[in-house]
Amino acid sequence: GGVPSVPASLVATASGTAVSLSWSASTSTSASAITYTVKRGSTSTGPFTAISSNLTSPSFVDTTAQSGSSYSYVVLATNAVGSSPDSAAVTAQPGGVPSVPASLVATASGTGVSLSWSASTSTSTSAITYTVKRGSTSTGPFTAISSNLTSPSFVDTTAQSGTSYSYVVLATNAVGSS
């Protein structure tokens, strides 16, 4: 007999609303069936609390994970003889704030300043909106002049001719802001 081997190669893949876990199947010298228990904690050192047990395949989807929170997971294997030690911990964060808008370009014309930037990406399923902020120097302070933009562009028609402006853009989803 003997307890099963420790589950190996644990991988956690975060999506907008869940964390998918998979690992290598454990081996056992016992003829009894192997089941798995998934434990979750808030840090990679634990403590860990079982969130699912008696799993018969080496995978699990944690649909109770909250978007924007970080979680650590371990898995153990059990047979009629006993349980393996916990696997090595892995960490994942479902959802998350959007990436910082990149490649911001400002083009002045007679009627205002046209801004454009690269669209932000997000692991969350929530929509991304943008806020444009303007200041008189490149170090700020910056004041929001437009928010809830859904496309990565904006025209500042309130810019005064002959005045220098600095702009920053942030992206926001249901989890938070870049």
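In this text, all values refer to a predicted model and were calculated from it rather than measured experimentally.

*Asks:* Requested: an account of the pairing of strand β13 (residues 166-172), with residues and values cited.
*Replies:* Among the 7 residues of β13, 5 are classified as buried, and the element is accordingly described as predominantly covered. With 7 bridges connecting them, strand β10 (residues 129-135) and β13 associate as antiparallel partners. Bridging from a neighbouring strand, Lys 133 pairs with Val 168 of β13.

*Asks:* Mind laying out the nonpolar core, listing which residues take part and the relevant values?
*Replies:* In this structure, Leu 21, Trp 23, Tyr 36, Val 38 and Tyr 73 are the most contacted members of the largest nonpolar core, which totals 16 residues. Among the secondary structure elements, those contributing two or more residues to this core are β2 (19-24), β3 (35-41), β6 (71-78) and β7 (90-92). Of all the elements, β6 adds the most residues to this core, at 4 residues. Contacts of Trp 23, omitting those with residues within four sequence positions, involve Pro 7, Ala 8, Ser 9, Leu 10, Tyr 36, Val 38, Leu 55, Ser 57, Pro 58, Ser 59, Phe 60 and Val 75.

*Asks:* Break down the environment of Leu 115 for me, citing the residues and quoting the values.
*Replies:* Inspection of the secondary structure assignment puts Leu 115 in strand β9 (residues 112-118). Judged by its relative accessible area of 3%, Leu 115 falls in the buried class. Spatially, the C-alpha atoms of Leu 115 and Ser 153 are 5.4 Å apart, while their sequence positions differ by 38 residues.

The rules behind the values
Per-chain numbering applies: the sequence of each chain, read as written, is numbered from 1 onward. At least 70 in pLDDT is required for a residue's local features to be given in this predicted model, at least 80 for side-chain atom pairs to be given and counted, and no such filter applies to totals for whole chains, interfaces and linings, which use all residues. Water and hydrogen atoms were dropped before computing side-chain values, which therefore reflect all heavy atoms in the structure. Relative accessible area decides the class of each residue, using a 1.4 Å probe on protein chains only: under 20% of the type maximum gives buried, over 50% gives exposed, and in between gives partly exposed. Runs of E in the DSSP output that reach at least two residues are strands. Runs of H or I that reach at least four are helices, and both are numbered from the N terminus. Between any two strands, pairing holds if DSSP finds at least two bridges. The term nonpolar core refers to a set of buried residues drawn from Ala, Val, Leu, Ile, Met, Phe, Trp, Tyr and Cys, joined through side-chain atoms within 4.5 Å. We call two residues in contact when some of their heavy atoms are within 4.5 Å.

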